Amino acid sequence: MALISSDRLRFPCEPWKLVENIHVPGDEGTLETLFTLGNGHLGIRGAHSTRGDGGLPGTFINGFHEIWDIKHAENAYGFARTGQRIVYVPDANNFTVSIDGEALSLAESTVLDYYRSVDFSTGIYEESTTWACRSGATVTTVERRAVGFDSRGCLGLELTVSADRDVSADITSAVVNRQDQPVEDHSVHDPRRSGRHAGRVLLPLHLQGADGSLRLAWETAESRQRIAVAVDHWISVEGQPFETVVAEDESSVRYVLAISDAEPFRLEKTASYVVAGADDADDRGESLALEAESRLVQLSEIVAQSQAHYNQYWTTADVAIGGQPELQQAVRWGLFQLAQATARAGVAGIPAKGVSGSGYEGHYFWDQEVYLLPYLTYTNPEGARKVLESRHAMLPDARVRAKELSVDGALFPWRTINGLEASAYYAAGTAQFHIAAAIAFAANRYRWASGDAGFTAEVGAELLIETARMWASLGFFGKDGMFHIHGVTGPDEYTAVVNDNLYTNVMARFNLRAAAELDHHGIAETERMVWRQAAERMSLPYDPHLQVFSQDNDFMTLEPWDWNTPRSKYPLLLNFHPLVIYRHQVLKQADTVLAMFLQWQDFTAEEKQRAFDFYDPITTGDSTLSACVQGIMAAEVGYGDVALKHFTEALFIDLDNSHGNTIDGVHIASTGGIWSSLVCGFAGMRDQGEVLRFDPRLPSEWDGLSFRLKVQGRLLSVELSQGSIALALEPAGGYSLEPLAVDVRGERVTVGTDTVTVPLDAVPVPPPSVFPSTFPTAGLPIVGKPA
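This is a predicted model, so every value here is computed, not measured. (Residues numbered from 1 in each chain as written. Predicted model: local features only at pLDDT ≥ 70, side-chain atom pairs only at ≥ 80, totals over all residues. Heavy atoms only, no water.)

Caption draft 1: Inspection of the overall build of the chain at higher detail. Within the chain one finds 17 helices and 35 strands. For the chain, the spread of C-alpha atoms along the principal axes amounts to about 85 × 60 × 60 Å. Relative to all contacts within the chain whose residues are 6 or more apart in sequence, the contacts with residues 24 or more apart total 67%. When the accessible surface of the chain is split by element, carbon and sulfur atoms take 50% of a total near 29600 Å². Within the chain, the 102 negative side-chain charges are centred at a point lying 4 Å from the centre of the 62 positive side-chain charges. (Helix = DSSP H or I, 4+ residues; strand = E, 2+ residues; numbered from the N terminus. Contact = heavy atoms within 4.5 Å. Areas by Shrake-Rupley, 256 points an atom, 1.4 Å probe, with all protein chains shown as cover. Lys, Arg positive; Asp, Glu negative; His and termini not counted. Charge placed at Lys NZ, Arg CZ, Asp CG, Glu CD.)

Caption draft 2: Region of the structure containing the packing of aromatic side chains. Applying the stated criterion across every chain yields a total of 30 aromatic pairs. Geometrically, the ring pair formed by Phe-60 and Tyr-88 is tilted, given 4.7 Å between the ring centres and 50 degrees between the ring planes. You can see Phe-60 sitting in strand β5 (residues 59-61) and its partner Tyr-88 sitting in the loop between β7 (82-86) and β8 (91-99), a full 28 residues away along the chain. For the pair Trp-561 and Phe-576, a centre-to-centre distance of 5.2 Å together with 85 degrees between the ring planes defines the contact as edge-to-face. One end of the pair, Trp-561, is in the loop between β26 (559-560) and α12 (578-582); the other, Phe-576, is in the loop between β26 and α12, and 15 residues separate them in sequence. According to the relative accessible area criterion, Phe-576 is partly exposed, its value standing at 24%. Residue placement shows Arg-116 over the ring face of Phe-35; its charged tip is 4.4 Å from the ring centre. We note Arg-567 situated over the ring of Tyr-570; from NZ or CZ to the ring centre the distance is 4.1 Å. (Phe/Tyr/Trp six-rings, centres within 6.5 Å; stacked < 30°, edge-to-face > 60°. Buried < 20%, exposed > 50% of the residue type's maximum accessible area, 1.4 Å probe, protein only. Lys NZ or Arg CZ within 6 Å of the ring centre and 35° of its normal.)

Caption draft 3: Inspection of the sheet that holds β5 at higher detail. Pairing is antiparallel in the open sheet, where three strands are placed in the order β3-β4-β5. Here the strands that pair on one side only, and so sit at the sheet edges, are β3 (37-38) and β5. Relative to strand β4 (residues 42-44), β3 runs antiparallel, the two sharing two bridges. Counterpart to Leu-37 in the pairing with β4 is Ile-44. (Pairing = 2+ DSSP bridges.)

Caption draft 4: Just the pairing of strand β20 (residues 265-276), in detail. Here β20 lies mainly inside the structure; nine of its twelve residues are buried. With eight bridges joining them, strand β13 (residues 154-163) and β20 adopt antiparallel strand pairing. By the bridge assignment for β20, Glu-158 is matched with Glu-268. Pairing of strand β17 (residues 226-235) with β20, which is carried by ten bridges, proceeds in the antiparallel orientation. When the sheet's bridge partners are listed, Trp-234 is paired in β20 with Glu-268.

Caption draft 5: A look at the sheet that holds strand β32 (residues 724-729). If you trace the five strands from one edge of the open sheet to the other, you get β21-β30-β31-β32-β35, paired in antiparallel fashion. If you trace the sheet from one side to the other, it starts and ends with β21 (320-322) and β35 (756-759), each paired once. Pairwise comparison of adjacent strand axes, ignoring direction, gives a mean angle of 20 degrees for this sheet. Sheet topology places β32 next to β35; four bridges connect them, and they run antiparallel. Looking at the pairing, Leu-727 lines up with Val-756 of β35. (Axes fitted to C-alpha atoms, helices over the stretch in contact; angles between N-to-C directions.)

Caption draft 6: Local environment of the pattern of salt bridges. Scanning the model with the defined rule gives 46 salt bridges in all. Between Asp-602 and Arg-513 there is a salt bridge, and its shortest N-O distance comes to 3.7 Å. On the criterion of sequence distance, the pair formed by Asp-602 in the loop between α13 (592-598) and α14 (605-615) and Arg-513 in helix α10 (residues 502-516) is long-range, its members being 89 residues apart. If you follow the salt bridges from partner to partner, you end up with Arg-399, Glu-462, Glu-466, Arg-469 and Glu-527 in one network. (Salt bridge = Lys/Arg side-chain N within 4 Å of Asp/Glu carboxyl O.)

Caption draft 7: Representation of helix α6 (residues 381-393). Here α6 contains 13 residues, and its C-alpha end-to-end distance of 18 Å stays within 8% of the 18 Å for a straight helix at 1.5 Å per residue. The set of residues buried in α6 consists of Pro-381, Gly-383, Ala-384, Arg-385, Val-387, Leu-388, Ser-390, Arg-391 and His-392. Buried positions along α6 lie against α5 (367-379), α7 (395-404), α8 (435-450), α9 (455-474) and β30 (704-711). (Expected span 1.5 Å × (residues − 1).)

Caption draft 8: How the structure looks around helix α17 (residues 668-682). Compared with an ideal rise of 1.5 Å per residue, which puts 15 residues at 21 Å, α17 spans 20 Å between its outermost C-alpha atoms and is within 8% of the ideal. Its maximal kink placed at Ser-676, α17 deviates by approximately 35 degrees. Among the 15 residues in α17, 15 count as buried, and that is most of the element. (Bend = angle between axes of the 7 residues up to and from the residue.)

Caption draft 9: Here's a closer look at the environment of Ala-247. Here Ala-247 lies in the loop between β18 (243-245) and β19 (250-259). Overall, Ala-247 belongs to the partly exposed group, its relative accessible area being 30%. In the structure, Ala-247 is positioned 70 residues away from Asn-177 in sequence and 9.7 Å away in space, judged by C-alpha atoms.

Caption draft 10: Structural view of the side chain of Thr-342. Residue position: Thr-342 is located in helix α4 (residues 325-342). Exposure remark for Thr-342: the relative accessible area of 6% places this residue in the buried category. A distance of 2.7 Å separates a polar side-chain atom of Thr-342 from the backbone oxygen of Leu-338. In this view, Thr-342 contacts Asn-39, Gly-40, Ile-350, Tyr-375 and Leu-376; residues no more than four positions away in its chain are not counted. (Polar contact = N/O pair within 3.5 Å; in protein donor to acceptor, adjacent residues only side chain to side chain.)

Below you can see the structure in the form of structure tokens.
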């Protein structure tokens, strides 16, 4: 059931805001995700601050995690040993407001008026509620929130209380350790959700508070990471707090006062978070708390940092759609979430949920390289480099892991926070060797697009070389003289541990070719020759009967899925044993189609169309990573209506909670895929060739599409309209104005500061592929009807 798009009275369409005008119980957890604030390092869910009104409130810091020993029911050599899970850090977003003895809450009190919003243009969250109190008073509370950017560990909160008559107010501001609070554990039946630790996680190191100031520090029980938070309060009236209480799970500052109708009461609360490893065993947290204190800044400064950041961000990151206000709002919400997940992450990975929730346990996957790095590379190349630097820092552990799996070079973990493999189910985890090629691909794209002269020597070459060595030793030259890679799982997790997965082989081929072209002293000529031979002889399964590249060697022999399966049985991974799914011809997400998008130059237009026509109907879309890629390739093939359908589905995955798990955080990779859908799908951008290419496919319903790309030190403006594309270099500070060669549908144009407009003919819709009848498969009484 749709959420945002289904009720525009409750959620009005605003071009630069997400707004909720009416409070309706039941959606709290999902809306906490949608109203999240973050900066890539620190994230605070958009929960109501009043006790009892939250669904899954919390605050997170990227990379701050706990570990535990994975207990395998049946053990084997090389299984992942150490689990990792992001930790709820002590949460400062807690206020209790009592008026004349009545504690105000959305669940229990009478609400006369309600409004909240998150402003994409400033990064400010605001919530206003007018209450009819039992004492007869009408009271309005207004909250504002912002996270710092220059001060990336800082959070600013403001509470204003006004009344239409004199009232007695009792206001408590708290810091709550939510990690060690009892909650219902939903993770047992849904692998997408984060589990909970059995024992206590945050152990108090330093607890101090007086006169409205709190200085607190904890240490995780097993990973021995430490966190400190310093909190200060300021009030708009004279006086001291009624009490300041410090405890390991809840510390609070309480104000008891009279509020008159003439003067609202305002409380400012600023928090500063600092994290550290366990380097100094003698420090019991006091010095870390002092460091957090030294980094405190005032609320006005935090707000100013947020406003300045987004003012700068939108000048280059905005993507404008003409004549589609609801799509425009959703696109800007997505771009806002991308900024919140990445802006100040530093040299760290980007969790699958950013810092908006605990879903997927805060792990880094291949998602960041394939779905996020395109966005970062062309809008925030400095951020893209830092993500790749974080992968480079994992190389020592990746080399050890490669030896455990009996391969050379480096084998990066499928899911991780600290660099060690954390995937306990190897068939859908470790077997996804393609993560190695994703990292190499992202490194090569960054090198191609950024013009960063030092990157290859400092980071890129080693990533490409060590992953190429892994592929060369993982695969083998078979009796047919071809290079085969067996026992792997591709992006489609509904077919696992297969031979010659097409996506894996295509991306491995890219990896081997790119490494072989490097001029690097560490590559022996014999090694370079092996890489080139492996790439040229790479086995790519092809079904001559269907004239379609096969997803793997055996995929075309599998029993077709029963598409009469009721929708209540989707996603399949929650309703069928993996072995049931593995033996059927059904996809969780685009796999072969994704390969043809990423390695676009290796396949003909006919091969791409036939692959899309064959695989799109059997793709369930159970993965949130699928719709965006299906839409991109539908656009390239020429299926405009199908492309727009997949794009819209991807665009509202979180806003409409269409996968039922938005409560656990924003699907950041899918959101990155939205950017690619616009830039690579409808604008038809392709990179890593001789020049940047565009082959636009603007939907007929749209008036236009415009965006900017940071390409090789330049800022390129792209404006699409019905019938033309306009390109120009923008003379912004720090960007080169040296002309840039660009290809538009095979026509080479030189782009400078003067706008170059290229007319575009309409793209004809090709006739769909007609497939011969399929082969009979075991277990089916009748097969053979035309597809």
